[in-house]
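One-letter residues, chain by chain:
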Amino acid sequence: MRIARIEVIPLGAELSAPRGPSILTYRRRETLFIKITTDDGLVGWGETYRLAGVEGALRDALTPLLVGRDPRELRKLHAAMRSATFDTGFAVGGMDLALHDLLGKALGMPVYQLYGGALRGSVEAYASLPGYYDDRDPEAHWLDEAEALVAQGFRGMKFRIGRFELRREARALSEVRRRLGEDITLMADANAAYTADQALRMAAVLRELEFEWLEEPLPQSGYLGYPELRSKTPLPLAGGEGLLNRSAAATALARGCFDIVQPDVSICGGIGETLFVGELASLSSVRCIPHCWAGALTLAATLHVCALLPESSRLHGNAAPLLEFDVTENPFRDNVVVGEPFALRDGCVDVPNRPGLGVEIDEAALKRYGAQAG
């Protein structure tokens, strides 16, 4: 078996209602799908984020490196990709997902079986909220959205915070907690909106409201200041979605940056790398809850990772991994797959159990979003 062809497929779509976190507003969504076809017609799909330079690395560096190679030699190919890109996780991660999908299909088994079998067949999902409108106050929609998500079956949700004055947002979050009650798990993501002092003040508020964690309140470049903030904050500090490879993750963990590390399969170099980060984190009693804000393929890969990650405690079910389920308008998850592989049941999403990543791509639907990619 040899790789015959690799296609890098940019996708784009305008959002019907622009939304965003503290620091920006998204008016469109974009992603990159990767299709690997072998000489005997087998197809593997991957995905990564459409950021500057990623498409070029996939097409100009990784495609000529992989065409003609045996896709079943996954470890050898992964090492070659890391070397060819100076360990650029975005490009390597997207291609790694496609290679895992291909290998699982070639062997007739789901990706989690390639690593010795799943520890769990479904993963509890928390809703990752879209954030702010530019023309509506958060008080006008946070509570209604939260109650709607509970009605859909979510038992946890994460709010984007930091755009408005701290005391104002604290009052709004207090009302959310009062209305939802103590049985719903709440988290907060500040998307680098705060100074260290502001982060500490908000962390104290969130602790009183029994939030689960505060995520990435400071700028993420090098995660500078995170160890110092972690030593003072009264609730768990989460972060790490921007870690580009295992070296960056190892350094951040050694520095004590996080209570909860959040590697992304399409950013840190792929499925095996995310599992490596999770195992490394467990040695420091740091919980691993992967980041995911992408389409169907990254979500499927994240589910396989969550099926494989160990729990953070020996008490079964006490600290199992969670699935970040983006509830922003998401055509690259909802409109490009056959069937409903990510249906929420009793607050959980089943891990796909068909060969490879376990999702079937509707290529006709891809063409519609490819035309909008720009």
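Definitions and limits used
- Residues numbered from 1 in each chain as written.
- Predicted model: local features only at pLDDT ≥ 70, side-chain atom pairs only at ≥ 80, totals over all residues.
- Heavy atoms only, no water.
- Helix = DSSP H or I, 4+ residues; strand = E, 2+ residues; numbered from the N terminus.
- Buried < 20%, exposed > 50% of the residue type's maximum accessible area, 1.4 Å probe, protein only.
- Pairing = 2+ DSSP bridges.
- Axes fitted to C-alpha atoms, helices over the stretch in contact; angles between N-to-C directions.
- Contact = heavy atoms within 4.5 Å.
- Salt bridge = Lys/Arg side-chain N within 4 Å of Asp/Glu carboxyl O.
- Phe/Tyr/Trp six-rings, centres within 6.5 Å; stacked < 30°, edge-to-face > 60°.
- Parallel < 35°, antiparallel > 145°, perpendicular 65-115°, else oblique.
- Left-handed = near helix turned anticlockwise from the far one by under 90°.

What about the environment of Glu279?
With respect to the secondary-structure elements, Glu279 resides in helix 10 (residues 271-282). Accessibility expressed as a relative area gives 43% for Glu279, which makes it partly exposed. Residues Glu279 and Gly317, spaced 38 residues apart in sequence, show a C-alpha to C-alpha distance of 18 Å.

With respect to the sheet that holds strand 1 (residues 3-19)
Overall, antiparallel pairing links the 3 strands, which are arranged 1-2-3 in an open sheet. At either end of the open sheet lies a strand with only one pairing partner, and these are strand 1 and strand 3 (43-48). Strand-to-strand twist in this sheet, taken as the mean axis angle between neighbours without regard to direction, amounts to 20°. In the packing of helix 1 (residues 54-66) onto the sheet, the strands contacted are strand 1, strand 2 (26-38) and strand 3, and the crossing angle to strand 1 comes to about 160°.

Description of the pattern of salt bridges
Under the definition given, this model contains 32 salt bridges. The shortest N-O distance in the salt bridge between Lys158 and Glu215 comes to 2.8 Å. Here Lys158 is found in strand 5 (residues 156-160), whereas its partner Glu215 is found in strand 7 (residues 214-215), with 57 residues between them in sequence. With its nearest N and O atoms 3.9 Å apart, the salt bridge here joins Glu212 to Arg287. On the criterion of sequence distance, the pair formed by Glu212 in the loop between helix 7 (196-208) and strand 7 and Arg287 in strand 10 (residues 287-288) is long-range, its members being 75 residues apart. Here Glu212 falls in the partly exposed class, since its relative accessible area comes to 33%. Judged by relative accessible area, which is 18%, Arg287 ranks as buried.

A closer look at the packing of aromatic side chains
Within a pair of aromatic rings, the relevant descriptors are the distance that separates the centres and the angle that separates the planes. What the rule picks out here adds up to 12 aromatic pairs. Judged by centre distance (6.5 Å) and plane angle (70°), the ring pair of Phe33 and Trp45 falls under edge-to-face. One end of the pair, Phe33, is in strand 2; the other, Trp45, is in strand 3, with 12 residues separating them in the sequence. Looking at Phe33, the relative accessible area reads 0%, which means it is buried.

Quick word on the packing of helix 1 against helix 2 (residues 74-84)
Helix 2 packs onto helix 1 with a crossing angle of 150° between their chain directions and a minimal axis gap of 10 Å. Judged by the angle between their axes, helix 1 and helix 2 are roughly antiparallel. Here helix 1 runs over helix 2; the crossing is right-handed. Contacts from Leu62, Leu65 and Leu66 in helix 1 reach Leu77, Ala80, Met81 and Ala84 in helix 2.

Worth remembering: the numbers are spatial, not functional.
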